[in-house]
Amino acid sequence: SGVSHFHPPEFSGTSTAMRAVLALVTLLSFSAAAQLAGVPDGGGNVMSCDNTPGEAEIPAAMSRKPALHVICQGFDVLPPVQGGSMLDFEWLRDVLLARLNRPVKVYNNAPLSLMVNNSLILVLIRPLDPSYFQRAHEAGYRNIGVLHLGDEHMDVDTSFYAHADYVFRNYYHERFFGPGAPSHVHFLNLGLKSGVGHGVPSTLPRATLRGYTCNFLGSLRHDRAELADLLAPLSPRCIVIADKRFEAASSMPALAYSNILRDSRFTPCPAGDNEETSRIYEALEFGSIPILRRARDPARDFTRMFGPAHPIPIVDSWSDAVALMARMDSSPTDMLDLQGRVMAFWACLRAHQQAKVARVVQRAFNAAYEIS
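(A) The packing of aromatic side chains, seen in detail. Inspection of the entire model under this criterion finds 13 aromatic pairs. Here tyrosine 161 and phenylalanine 176 contribute two aromatic rings whose centre-to-centre distance is 6.0 Å and whose plane-to-plane angle is 50 degrees, an arrangement assigned as tilted. Within this pair, whereas tyrosine 161 is found in the loop between strand E4 (144-149) and strand E5 (166-169), its partner phenylalanine 176 is found in helix H5 (residues 174-177), the two being separated by 15 residues in sequence. Comparing tyrosine 161 with phenylalanine 176 shows no difference in burial state: the two are buried. Taken together, a centroid distance of 5.7 Å and an interplanar angle of 85 degrees make the contact between phenylalanine 302 and phenylalanine 306 edge-to-face. Like phenylalanine 306, phenylalanine 302 is buried. Taken together, the ring pairs connect Tyr132, Phe133, Phe160, Tyr161, Tyr172, Phe176, Phe177 and Phe187 into an aromatic cluster. Stacked on the ring of phenylalanine 365, the Lys or Arg arginine 102 has its end atom at 3.6 Å from the ring centre.

Quick look at the structure:
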């Protein structure tokens with residue numbers, strides 16, 4: 001596949017040189033902003049906007065298709081640190097829905113009385129009214145989909161799925177996605193928490209230029225204390241900040257968190273209440289190689305959805321993870337090869353998720369309005 005031919009961007013120079021590059025980028029950004037405002041920069045150049053579309057032409061460039069109505073039933077899409085309930089709304093809006101090619105209207109903290117055709121209903125953990133979907137169907141509303149979030153314990157009654165035209169859900173279990181599972185239920189991996197930003201591959205440092213071998217930032221649940229104890233002797237090459245929950249108001253700021261990921265070669269990703277955690281995808285986003293421990297419950301092994309040839313390291317114990325990192329540190333060529341394959345895998349996975357959402361939503365619109 002094309003994954004094996006991916007190579008990370010080339011960087012050279014010391015940290016001082018890299019700071020000089022960043023300073024130059026900042027200067028160029030300021031210059032560009034000045035030009036957009038019609039202010040001459042140091043070279044006396046002023047950007048011309050004569051060839052941009054006229055005001056009347058801009059709406060024509062937007063999709064004329066019917067909108068998808070994203071309805072957040074009874075909760076606020078802001079992250080908990082800002083008083084809301086949803087950790088990853090930016091990921092949904094800016095990544096998963098990015099290829100719909102149709103308008104998206106968001107209804108925040110919507111009442112249960114709101115029913116609209118062409119809706120994607122966001123259910124956080126469990127529906128506030130499980131009968132909503134059956135009532136909408138019986139009332140003649142068309143094209144009602146569900147995005148079911150937060151069912152990490154797998155203990156929610158999902159019988160309401162039967163009354164939806166399609167269902168997206170995160171947290172893998174073979175009863176939803178294995179043999180005999182309902183065909184209208186589709187898996188979406190977790191995404192990035194709101195506020196961590198996005199990593200631009202061409203700006204991410206090669207693994208060999210990163211300051212930390214690894215990191216663990218999180219609470220000490222399940223086998224995480226074991227991991228933290230194993231990493232502690234590796235300080236300062238590994239940064240460990242435990243007993244903090246990222247989503248709590250007192251936690252590390254999101255930008256500081258993503259900067260540590262950006263400067264870490266590896267990110268061990270222990271399970272939380274579920275095998276899958278956002279940490280995996282946040283590490284991938286910033287070019288840090290995630291290391292997973294083999295799933296405790298094979299029925300919940302979400303890596304099945306990655307395909308058999310994915311490059312993400314999976315170990316049997318956290319001691320094996322420490323040995324893997326030491327081995328890679330002593331072989332920069334192998335580490336850079338792994339980083340390149342992991343980054344290419346992530347680009348492919350993101351595109352696959354976007355395409356899946358666009359395909360399922362478009363198919364539901366076609367079915368609702370008998371479009372072949």
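Structure's up, so let's keep going.
(B) A look at the pattern of salt bridges. Applying the stated rule across the entire model yields 15 salt bridges. With a closest N to O distance of 3.3 Å, arginine 304 and glutamate 174 form a salt bridge. With arginine 304 in the loop between strand E10 (289-293) and strand E11 (314-315) and glutamate 174 in helix H5, this residue pair connects regions lying 130 residues apart in the sequence. Among the residues examined, arginine 304 registers a relative accessible area of 41% and is labelled partly exposed.

(C) Main features of helix H6 (residues 224-231). Inspection of H6 places Arg224, Leu227, Ala228 and Leu231 among the buried residues, and these make up the whole buried set. Down the axis, H6 shows its buried residues gathered within 100 degrees of arc, on one side only. Where H6 is buried, its residues meet strand E7 (212-218), strand E8 (238-242), strand E9 (264-268), helix H8 (278-285) and helix H9 (318-329).

(D) Seen up close, helix H10 (residues 332-368). Counted at 1.5 Å a residue, the expected span for H10 with its 37 residues is 54 Å, and the 54 Å between its end C-alpha atoms agrees. A positive backbone phi angle near 50 degrees is found at glutamate 370, which sits one or two residues after H10.

Definitions and limits used
- Residues numbered from 1 in each chain as written.
- Predicted model: local features only at pLDDT ≥ 70, side-chain atom pairs only at ≥ 80, totals over all residues.
- Heavy atoms only, no water.
- Phe/Tyr/Trp six-rings, centres within 6.5 Å; stacked < 30°, edge-to-face > 60°.
- Helix = DSSP H or I, 4+ residues; strand = E, 2+ residues; numbered from the N terminus.
- Buried < 20%, exposed > 50% of the residue type's maximum accessible area, 1.4 Å probe, protein only.
- Lys NZ or Arg CZ within 6 Å of the ring centre and 35° of its normal.
- Salt bridge = Lys/Arg side-chain N within 4 Å of Asp/Glu carboxyl O.
- Arc of directions from axis to C-beta.
- Contact = heavy atoms within 4.5 Å.
- Expected span 1.5 Å × (residues − 1).

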